[in-house]
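# Descriptive structure summary
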Amino acid sequence: MALFSTKDSRPTRYLARTTSSYLTAIVSLCLTLATFSVAANPEPVFQGVPPHAQILQSVIESAELSAQQDFEVSDHDLDDALKNMDYQTYRAIRFNADQSLWRNQKDFEVQFFHPGFLYQQPVTIYTVGSDNKPVRFAFNRNAFNYDTTAAPLAAVTKENNGYAGFRLHYPIKNTSYKDEFTVFLGASYFRLVGQSHVYGISARGLAIDTGMPEGEEFPHFTEFWLIEPKDGDPITVYARLESPSVSGAYKFVITPGSESAMQVESWLFARENVKKLGVAPFTSMFLYGENSGKRPDDYRPEVHDSDGMLLHTQSGEQIWRPLTNPSQLQITSMRDSAPKGFGLMQRDIAFDNYLDGEANYHIRPGLWVTPQSGFEAGRLELVEIPTNSETHDNIVAYWVPDAPFKAGEHRYFSYTLSTVTGLGEGTIDSKSEAHIARVVRTRQGAAVLPGEQDNAVATRRFIVDFAVPQGMTFDPAALEAKASVSQGTIRQVRVFPVDGGKALRATFLVTPQGNKATDMRISIHQNNQRVSEVWNYVYHAK
């Protein structure tokens, strides 16, 4: 059986348990889940536990027991009419805000999504009040308005249908209105925005076998426990996750703000051997950007939810990898052990670089992971999928531990997930990181001078601009751009200040080795000390 240590304050199970007492615990757990209540004097499984920890313990034990059983999928007895409705019909079903959970009672309010359409594996919702007793929040058709073509569907709903998901509202911008800032909807997807953001990038509970030839496995959240928050405190949510290979329990502590944050803990149990475990995954979209060699006939200069992946390594390197929309599936990775942080960013937040007054790509957030437990040796993997439409998420990133995850084993992960605006000043900076030049622009073009003939030579010119942080001084004569390349050659490497010294520009020519992918790195040094991020780019000759 899986045993949790107490060294890092995570929930702990008994370090020893006889067979008979273990069977008694199983029976007790089944009774607990059946009645949705917790005993008045539960067995003291935790040391120094926070409120509601007995419920969290039951959620974790439920995940452990489930991993020992065959995987099952429940549609919550959804009627076929709900499953088969089209997009326009689903849009005609609207939640009535007056039916929100904790309406006008708490700082937080919760609204729910109707099951059906794409959401054919609904979730079960429990609420937990001050009495610390979970109560099932049954589906209520009267909480929805069924308009036009959706009107007949109200009659086929049932109390046990559950919900597709939910969204959290909070007065994040002003005290007169509670804005939506977090949503859990579909598989294990969830989104988080800060005060000035609109939704873009998504996070996920778990990614399994992403990019594998056998196909990806998509875990689903199946149950949620919404803990009634105290005024002034963050909101806590527990969740259960299931997939053919893994069963899991999650704890989310969610704090809205100018940059919103989640403290995420997960307890994972392997039902089957997992070939690739993706922890703290992101899903985003990149159609084209400033670095794209070709772009569609569109008035908008750039179209993307994220423009780069950032890794802060344990050794102190900060590696920036601009995103691309490749012509074929591209999977790359960066190795590290116990990274300081990683994420997908939307660094470019200038409206003039998007000119989209509806999608508002310039106010979409980045997401940053600060690892706390479970992120030992492994790799940060980036999957870039070809797409011709901004409606398709084609970017996936996640941490892959080196240690294999085999049937019968367990893992514990803990990290903070934060929204990031632009470069992330004050969110992801440390003392050293705030005083280095950071990549703000990547462009490429033909390696010919004006008046010369372009004979379709494979050589390309790249320019990389690094923003100079406030207080940084540099001597142009002492600057050096250090570059390296695999499967190609780099020449004419130079670095010099631009824009009145607000940025440093590194420029070079690269010639790929045939049709092979060319992996490039460049950073700026002064007096033999690195004073910039490491720019890392994978280029495919067209």
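The rules behind these values
- Residues numbered from 1 in each chain as written.
- Predicted model: local features only at pLDDT ≥ 70, side-chain atom pairs only at ≥ 80, totals over all residues.
- Heavy atoms only, no water.
- Helix = DSSP H or I, 4+ residues; strand = E, 2+ residues; numbered from the N terminus.
- Buried < 20%, exposed > 50% of the residue type's maximum accessible area, 1.4 Å probe, protein only.
- Contact = heavy atoms within 4.5 Å.
- Areas by Shrake-Rupley, 256 points an atom, 1.4 Å probe, with all protein chains shown as cover.
- Phe/Tyr/Trp six-rings, centres within 6.5 Å; stacked < 30°, edge-to-face > 60°.
- Lys NZ or Arg CZ within 6 Å of the ring centre and 35° of its normal.
- Pairing = 2+ DSSP bridges.
- Axes fitted to C-alpha atoms, helices over the stretch in contact; angles between N-to-C directions.
- Patch = residues over 30% accessible without salt bridge, like charges linked within 9 Å, V, L, I, M, F, W, Y side chains within 5 Å.
- Salt bridge = Lys/Arg side-chain N within 4 Å of Asp/Glu carboxyl O.
- pLDDT = per-residue confidence, 0-100.
- Expected span 1.5 Å × (residues − 1).
- Core = buried A, V, L, I, M, F, W, Y, C linked by side-chain atoms within 4.5 Å.
- Lys, Arg positive; Asp, Glu negative; His and termini not counted.

A few words on the overall build of the protein chain. For the protein chain, the helix and strand inventory stands at four helices and 33 strands. Burial status across the protein chain gives 53% buried among its 542 residues. Considering only intrachain contacts with a sequence separation of at least 6, the fraction spanning at least 24 residues in the protein chain is 67%. Surface summary for the protein chain: the accessible area is close to 24,200 Å², and the carbon and sulfur share equals 48%.

Let us now look at the packing of aromatic side chains. Applying the stated rule across the entire model yields 41 aromatic pairs. Within the aromatic cluster, the residues linked to one another by ring pairs are Phe95, Phe112, Phe137, Phe139, Phe144, Tyr146 and Tyr163. Here arginine 347 stacks its cationic end above the ring of tryptophan 320, 4.0 Å away from the centre of that ring.

The next subject is unusual backbone geometry. Backbone geometry at aspartate 499 places phi at a positive 55°, although glycine is not the residue there. Topologically, aspartate 499 is positioned in the loop between β29 (488-498) and β30 (503-512). According to the relative accessible area criterion, aspartate 499 is exposed, its value standing at 54%. Unlike most non-glycine residues, asparagine 528 shows phi in positive territory, near 65°. Checked against the element boundaries, asparagine 528 lands in the loop between β31 (518-526) and β32 (529-530). Given the relative accessible area of 65%, asparagine 528 is considered exposed.

A few words on the sheet that holds β30. The antiparallel open sheet is built from four strands, whose spatial order is β26-β27-β30-β29. Looking at strand neighbours, the two that pair on one side only are β26 (438-446) and β29, the edges of this open sheet. Taken over all neighbouring pairs, the strand axes of this sheet differ in orientation by 20° on average, direction set aside. Two strands pair when backbone bridges link them, and strand β27 (residues 460-467) and β30 are joined in this way by eight bridges, in the antiparallel orientation. Looking at β30, one finds that phenylalanine 462 is bridged to phenylalanine 508.

Now for a nonpolar patch on the surface. Together, Tyr299, Phe351 and Leu355 line one region of the surface with nonpolar side chains, adding up to about 310 Å² of accessible area. Counting through the fold element by element, phenylalanine 351 comes out in the loop between β21 (341-345) and β22 (366-373). With a relative accessible area of 36%, phenylalanine 351 lands in the partly exposed category.

A few words now on the pattern of salt bridges. Inspection of every chain in the model, using the stated rule, returns 24 salt bridges. Here arginine 103 ties to glutamate 109 by a salt bridge, and the two come within 3.1 Å at their closest N and O atoms. Here arginine 103 falls in the partly exposed class, since its relative accessible area comes to 29%. Under the relative-accessibility criterion, glutamate 109 is labelled buried at 4%.

A separate point is the pairing of β29. Pairing between β29 and β30: nine bridges, direction antiparallel. Looking at the pairing, arginine 491 lines up with leucine 509 of β30. Taken together, β29 and the strand that follows it, β30, pair antiparallel across an intervening segment of four residues, in which aspartate 499 is found at a positive phi of about 55°.

Time to look at the confidence of the model for the protein chain. Any region with low pLDDT has predicted coordinates that should not be read closely. With 87% of its residues at a pLDDT of 70 or more, the protein chain shows a mean pLDDT of 89. A low-confidence stretch, residues 1-49 (pLDDT under 50), is modelled with 70 contacts involving residues beyond four sequence positions or located in other chains.

Let's shift gears to the pairing of strand β20 (residues 330-337). Burial along β20 is one-sided: Gln330, Thr332, Met334 and Asp336 are buried, and none of Ile331, Ser333, Arg335 and Ser337, which face the opposite way, are. Note that β20 and strand β23 (residues 377-384) share eight bridges and pair antiparallel. Bridge pairing in β23 places aspartate 336 opposite glycine 378.

The subject of this paragraph is the environment of valine 485. You can see valine 485 is positioned in strand β28 (residues 479-486). Valine 485 gets classed as partly exposed once you look at its relative accessible area, which sits at 29%. Through-space distance from the C-alpha of valine 485 to that of isoleucine 522 is 8.9 Å; in sequence the pair is 37 residues apart. Discounting residues that sit within four places of it in the chain, valine 485 has contacts with Ile490, Thr518, Asp519 and Met520.

With 14 residues, helix α2 (residues 53-66) should reach 20 Å at 1.5 Å per residue; the first-to-last C-alpha distance of 20 Å fits that figure. α2 sits mainly inside the fold: 13 of its 14 residues count as buried.

Quick look at the nonpolar core now. Among the nonpolar cores identified, the biggest contains 79 residues, and Phe166, Phe252 and Ile254 are the most heavily contacted of them. Once residues lying within four places of it in the same chain are set aside, the contact partners of phenylalanine 252 are Phe184, Phe190, Phe221, Ile235, Thr236, Val237, Ala239, Met262, Gln263 and Val264. Residues Phe462, Val464, Phe466 and Leu504 belong to the second largest nonpolar core, which totals 27 residues.

Quick look at the side chain of aspartate 307 now. Looking at where aspartate 307 falls in the secondary structure, it is placed in the loop between β17 (303-304) and β18 (308-312). It turns out aspartate 307 is buried and unbridged, and the closest side chain with the opposite charge, arginine 347, is 6.2 Å from it. Ignoring any residue separated from it by four or fewer positions in sequence, one finds aspartate 307 in contact with Phe286, Trp320, Pro322, Leu323, Met345, Gln346, Arg347 and Asp348.

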